[in-house]
Amino acid sequence: MFFNKTPVPVSEPDEKYTKLRTYLLTANPNDIGIFKSDEIPHVWGVLMEVVYSDTVGTLVSLADGTTSLYFSNGAGIIGGGQHVAVAQSTKSFIATAEKYYLKMNKTDSFPLPTVGRVRFYVLTFSGVFTLDIDEHDLENRKNEFSPLFYGGQEAITQLRIVDEARNK
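Sequence order as written defines the numbering, with residues in each chain counted from 1. Only residues with pLDDT of at least 70 get local features here, since the model is predicted, and only at 80 or more are side-chain atom pairs given and counted; chain-wide, interface and lining totals rely on the full set of residues. Note that water and hydrogens are dropped before the side-chain values are worked out from all heavy atoms of the structure.

1. Examining the packing of aromatic side chains
Any two aromatic rings considered together are summarised by their centre-to-centre distance and by the angle between their planes.
Here comes step 1: Classification of ring pairs uses Phe, Tyr and Trp, with its six-membered ring standing for Trp, and accepts pairs whose centres are within 6.5 Å; under 30 degrees between planes counts as stacked, over 60 as edge-to-face, and the remaining range as tilted. Counted according to the given criterion, the structure contains 4 aromatic pairs.
Here comes step 2: Centroid distance Y100 to F145: 5.1 Å. Interplanar angle 45 degrees. Geometry classified as tilted. Of the two residues, Y100 sits in helix α2 (residues 84-100) while F145 sits in the loop between α3 (135-139) and α4 (146-166), which places them 45 residues apart along the sequence. Comparing Y100 with F145, the two get one shared label, buried.
Here comes step 3: Ring geometry for Y101 versus F129: centroids 5.2 Å apart, planes at 75 degrees, classification edge-to-face. Linking Y101 in the loop between α2 and β5 (105-107) with F129 in strand β7 (residues 127-134), this pair joins segments that are 28 residues apart in sequence. Across this residue pair, the class does not change: Y101 and F129 are buried.
Here comes step 4: Geometrically, a charge over a ring is one whose NZ (Lys) or CZ (Arg) sits within 6 Å of the ring centre while staying within 35 degrees of the ring normal. If you follow R141 out to its NZ or CZ, it ends over the ring of Y150, 4.0 Å from the centre. We count a stretch as a helix when DSSP gives it H or I for four or more residues in a row; a strand needs E for two or more, and each element gets its number in order from the N terminus. Buried residues are those whose accessible area, probed at 1.4 Å on protein chains only, stays under 20% of the maximum for their type, while exposed residues exceed 50% and partly exposed ones sit between those limits.

Pasting the structure below:
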């Protein structure tokens, strides 16, 4: 899995990472070419964040297939949505979020997750919804949100497969 089991201090986030994350969490979906439709009735994007080693990993999944994995230390994998398997896993992840976002809290505050926690930000046409959950409960399928977590994990898997093939 993608998660570190040993608590370690998280480094101060890179400025580019912080700006991009803030932009996504506050963006108007129409400004980036995503519009409400029958196919996209409420949820237009999901960010799933976890602490990985000494950095935060942020999976960005948007309804247009855009899929990236950013790390708060400035590293990342971008451009995955150009690949069919990645875009499909992202669209599935968003469809799963559609089932759960009303069980989350609407927010205009966007803290990073802490060690051992997973934080979801679901981007909807009516605002951002969030949930902070124990990582272990999600991994062991002890939480009703485990399908959302595993949807994000599938998007990460597909993104990594593409990235590894690009780097060969």
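Picking up where we left off.
2. With respect to the environment of F125
Here comes step 1: Following the sequence through the fold, F125 ends up in the loop between β6 (117-124) and β7.
Here comes step 2: Expressed as a C-alpha distance, the spacing of F125 and H42, which sit 83 residues apart in the sequence, is 5.6 Å.
Here comes step 3: Should any heavy atoms of two residues lie within 4.5 Å, those residues are counted as being in contact. Beyond its immediate chain neighbours, meaning those up to four positions away, F125 contacts P29, I34, F35, K36, I40, P41, H42 and W44.

3. A word on the side chain of S61
Here comes step 1: Counting through the fold element by element, S61 comes out in strand β2 (residues 55-62).
Here comes step 2: Not counting residues up to four positions away in its chain, the partners in contact with S61 are W44, G45, V46, T66, T67, T90, F93, I94 and A155.

4. Describing the pairing of β7
Here comes step 1: With 3 bridges joining them, β5 and β7 adopt antiparallel strand pairing. Considered in β7, the bridge of N105 is made with T130.
Here comes step 2: DSSP bridges decide pairing: two strands pair if at least two such bridges lie between them. A loop of 2 residues connects β6 with β7, the two strands running antiparallel in sequence.

5. Focus: the side chain of T107
Here comes step 1: Position of T107 relative to the elements: it lies in strand β5.
Here comes step 2: At 2.9 Å, the side chain of T107 and the backbone oxygen of S109 are in polar contact.
Here comes step 3: Beyond its immediate sequence surroundings of up to four residues, T107 is in contact with Y121, V128 and T130. Two N or O atoms count as a polar contact when they lie within 3.5 Å, although within protein this holds only if one can serve as hydrogen donor and the other as acceptor, and sequence-adjacent residues are included solely when both atoms are side-chain atoms.

6. Looking at the confidence of the model for the protein chain
Here comes step 1: Think of pLDDT as the predictor's per-residue confidence, scored from 0 to 100. In this model, the protein chain carries a mean pLDDT of 89, and residues with pLDDT of at least 70 account for 93%.
Here comes step 2: With pLDDT under 50 throughout, residues 1-9 is counted as low confidence; its partners more than four residues away or in other chains account for 31 contacts.

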